[in-house]
Amino acid sequence: MPSPRWKAGYEGRDYSANYRGALLMALWTATEAVAATGGTTTGDWTASGVSIDTRTIAPGDLFVALKDVRDGHDFVAMALEKGAAAALVTHRPDGVAEDAPLLVVPDVLQALEALGVAARARTDARIVGVTGSVGKTSTKEMLRDVLGRQGRVHASVASYNNHWGVPLTLARMPADTDYAVIEMGMSNPGEIAPLSKMTRPHVAMVTTVAAAHLEAFDDLDGIAREKASIVDGLEPGGIAVLNGDIDTADILRNYVEDQGFAIQSFGNTSTDWQLGDVRVTDAATVISATHGEDAYLFKLSLPGRHFAMNALGALAVCEALGADPAIAAQDMALWLPPEGRGSRAIVALDVGSEEETIDLIDDAFNANPTSLSAALEVLAAATPVDGVGRIVKGRRVAILGDMLELGPEEAAMHEGMAQDAHLQALELVHCVGPRMKHLHDVLPEGQRGRWFETAAEGAAQAAQLVDAGDVVLVKGSKGSKVSVIVDAIRKLGHR
């Protein structure tokens, strides 16, 4: 019989405060940055951070003038005015003083990559790369929180997981980092392997493979092969942590075994880390799991069966990194999802009445059929409050925006959500966007709410979509912009 894992003498130390203080120290000197990039500098400077956005830049940051929708060179003067230590540029922009601190290079993105490679080379941190069609950002944040109780942790910000997000994250990594969590995403074939080779992780994790970005791939097998390529950059002796439950598990496993790396699998059955009972309540998820002879019992401070699987994979990663999974399991209760990824908020409609509230689930950042079903399960398990609103009976209300990048079968996938078992438990479903019109058209009349061409139209009528006592889920791909409906519902509490 497995015995529960506990750490004798564990004092629950939190390294995060000391680490925040360390971030104020020198991250890059002009000499180090020149050596890393091969550029030239107009002066001597020291940077305590790296930024690509003047809206969030902090004094002492190195401003990186990337070209995207706008040319970052147009914002160099503003960055320096806000206290940037220097700017990484290809030339001195107009309006910038001749003696301004600049690091001049032939190509800014390539120079940022070079900074990332140099930062990776100078640290002894244990590093995990995380990818997956669903759950990679949530799992990354879980790992940030639990590893931050066992050492100095550095992790990707928000969803900085692409060709500039990964090198930016690496370039921001202090040399004395103990654990680093690097998220890696893709939208087209061939994108993950270069990110992994730049990162050189000790552990590579695939949360799951699902119908996302199918516009760029022939089928799920192609997505699985792309996700599996995260092991292409694994350090010698590295470990792959893989979801063993998915239909494409054999593709992942075969790819990793061909590369000669060890595997730790997680899932419901026949895995190294096995999920046991998962109890979902209005306020928490209680999870039991086993790994070899060890048993784990822990909780998450919000409901969500899909979060339980991510947490189990995170424990496998912790052990593979050399951290203590028993401590990590205890600390899982500290994690809460970021905004747009399943976070919960109570919107008080009347400050004079504690009961006149809306329970808002903000999951407006990303969506595909797998993640939508998981979110609907959370909503279906929620308990509304009767007798406090205009409608009198509290409802489970879903406001669903388009799921993007699903390929030629997108209409059928949207329509098919009508058969989802969890959706049957909802009282009302509003739909947003041309793709979600396919779902709206097949909903039962009593369940069918309003349909809006755009999220802005829905936001303008937010007060008519929900009522006190409701539990409301807002879910959609980022491009559907249903986050504006989340904002509109929040503002109902500001009257």
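Residues numbered from 1 in each chain as written. Predicted model: local features only at pLDDT ≥ 70, side-chain atom pairs only at ≥ 80, totals over all residues. Heavy atoms only, no water.

## Points about the packing of helix α8 (residues 220-228) against helix α9 (residues 249-259)
Here comes step 1: Running from N to C, α8 and α9 cross one another at 35 degrees; their axes reach a closest spacing of 9 Å. The hand of the α8/α9 crossing is right-handed. Side by side, α8 and α9 meet where Asp221, Ala224, Arg225 and Ala228 of the first sit next to Ile251, Leu252 and Tyr255 of the second. (Axes fitted to C-alpha atoms, helices over the stretch in contact; angles between N-to-C directions. Helix = DSSP H or I, 4+ residues; strand = E, 2+ residues; numbered from the N terminus. Left-handed = near helix turned anticlockwise from the far one by under 90°. Contact = heavy atoms within 4.5 Å.)

## Regarding the environment of Glu457
Here comes step 1: Looking at the element boundaries, Glu457 is found in helix α15 (residues 455-460).
Here comes step 2: Given the relative accessible area of 38%, Glu457 is considered partly exposed.
Here comes step 3: Glu457 sits 88 residues away from Pro369 along the chain, and the two C-alpha atoms are 24 Å apart.
Here comes step 4: Separated by 3.2 Å, the side chain of Glu457 and the backbone nitrogen of Glu453 make a polar contact. (Buried < 20%, exposed > 50% of the residue type's maximum accessible area, 1.4 Å probe, protein only. Polar contact = N/O pair within 3.5 Å; in protein donor to acceptor, adjacent residues only side chain to side chain.)

## Looking at the nonpolar core
Here comes step 1: Counting 41 residues, the largest nonpolar core has Leu143, Leu147, Leu300 and Met332 as the members making the most contacts within it.
Here comes step 2: Counting residues per element, this core draws most heavily on helix α10 (residues 305-321), which supplies twelve residues.
Here comes step 3: In contact with Met332, other than residues within four places in its own chain, are Met142, Val146, Phe298, Lys299, Leu300, Ala311, Ala314 and Leu315.
Here comes step 4: Listed in part, the 30 residues of the second largest apolar core include Met173, Leu242, Ile246 and Ala249. (Core = buried A, V, L, I, M, F, W, Y, C linked by side-chain atoms within 4.5 Å.)

## A word on the sheet that holds strand β18 (residues 343-348)
Here comes step 1: If you walk across this open sheet you meet the six strands as β18-β19-β23-β20-β21-β22, and the pairing is mixed. In the strand order of this sheet, the two ends are held by β18 and β22 (448-452), each with one partner. Averaged over all adjacent pairs, the angle separating strand axes in this sheet is 20 degrees, with direction ignored.
Here comes step 2: Two elements, strand β19 (residues 357-363) and strand β23 (residues 471-475), share five bridges in a ladder whose sense is parallel. Residue pairing for β23: Ile361 is matched across the bridge by Leu473.
Here comes step 3: The sheet strands contacting helix α17 (residues 483-491) are β18, β19, β20 (396-401), β21 (428-432) and β23, and the helix crosses β19 at an angle near 160 degrees. (Pairing = 2+ DSSP bridges.)

## Regarding helix α7 (residues 192-199)
Here comes step 1: Within α7, six of the eight residues are buried, which leaves it mostly tucked inside the rest of the structure.
Here comes step 2: Buried positions along α7 lie against α4 (108-121), β9 (126-131), α6 (165-171), β11 (179-183) and α8.
Here comes step 3: One or two residues past the end of α7 sits Arg200, with phi positive at roughly 50 degrees.

## Considerations on the packing of aromatic side chains
Here comes step 1: Applying the stated criterion across every chain, the model contains three aromatic pairs.
Here comes step 2: Considering the side-chain rings of Tyr160 and Trp164, the 5.1 Å spacing of their centres and the 65 degrees angle between planes classify their relative orientation as edge-to-face.
Here comes step 3: Exposure remark for Tyr160: the relative accessible area of 22% places this residue in the partly exposed category.
Here comes step 4: Note on Trp273 and Tyr296: the rings are 5.5 Å apart at their centroids and 40 degrees apart in plane angle, and the pair reads as tilted. In this pair, Trp273 sits in strand β15 (residues 273-280) while Tyr296 sits in strand β17 (residues 294-300), placing the two residues 23 residues apart along the sequence. Take Trp273 and Tyr296: they sit in the same class, and that class is buried. (Phe/Tyr/Trp six-rings, centres within 6.5 Å; stacked < 30°, edge-to-face > 60°.)

## Section: the pairing of β18
Here comes step 1: Residues Ser343, Ala345 and Val347 line the buried face of β18, whereas the alternating positions Arg344, Ile346 and Ala348 sit on a face that is not buried.
Here comes step 2: With six bridges joining them, β18 and β19 adopt antiparallel strand pairing. Looking at the pairing, Ser343 lines up with Asp362 of β19.

## Considerations on the environment of Phe63
Here comes step 1: With respect to the element layout, Phe63 can be found in strand β6 (residues 61-64).
Here comes step 2: Residue Phe63 is classed as buried on the basis of its relative accessible area, which comes to 2%.
Here comes step 3: Sequence spacing of Phe63 and Arg448 is 385 residues, and the spatial spacing of their C-alpha atoms is 49 Å.

## Details of the pattern of salt bridges
Here comes step 1: Tallied over the entire structure, the rule returns 23 salt bridges.
Here comes step 2: Close ionic contact of Arg144 with Glu141 constitutes a salt bridge, the shortest N to O distance being 3.0 Å. Of the two residues, Arg144 and Glu141 are both situated in helix α5 (residues 136-147); the distance of three residues between them amounts to about one turn of the helix.
Here comes step 3: Among the residues examined, Arg144 registers a relative accessible area of 24% and is labelled partly exposed.
Here comes step 4: Note that Glu377 and Arg305 form a salt bridge whose closest N and O atoms lie 2.7 Å from each other. Note that Glu377 is positioned in helix α12 (residues 369-381) and Arg305 in helix α10, a separation of 72 residues in sequence.
Here comes step 5: Here the salt bridges share partners, and the residues they tie into one network are Lys140, Glu141, Arg144 and Glu183. (Salt bridge = Lys/Arg side-chain N within 4 Å of Asp/Glu carboxyl O.)

## Details of the sheet that holds strand β5 (residues 49-51)
What links the strands of a sheet is backbone hydrogen bonding, and the strands pair in either a parallel or an antiparallel sense.
Here comes step 1: The strand order β3-β8-β7-β6-β5 describes an open sheet built from five strands, whose pairing is mixed. This sheet does not close on itself; its edge strands, each paired only once, are β3 (40-41) and β5.
Here comes step 2: Looking at chain direction, β5 and β6 are connected through three bridges and run parallel. Bridge assignment links Val50 to a residue of β6, and that residue is Leu62.

## Digging into the packing of α5 against α10
Here comes step 1: At a closest axis distance of 9 Å, the pairing of α5 and α10 adopts a crossing angle of 50 degrees. Here α5 is positioned oblique relative to α10, judged by the angle of their axes. Of the two possible hands of crossing, α5 and α10 adopt the one that is right-handed. Together, Ser138, Thr139, Met142, Leu143, Val146 and Leu147 of α5 and Phe307, Asn310, Ala311, Ala314, Val317, Cys318 and Leu321 of α10 make up the contact between the two elements. (Parallel < 35°, antiparallel > 145°, perpendicular 65-115°, else oblique.)

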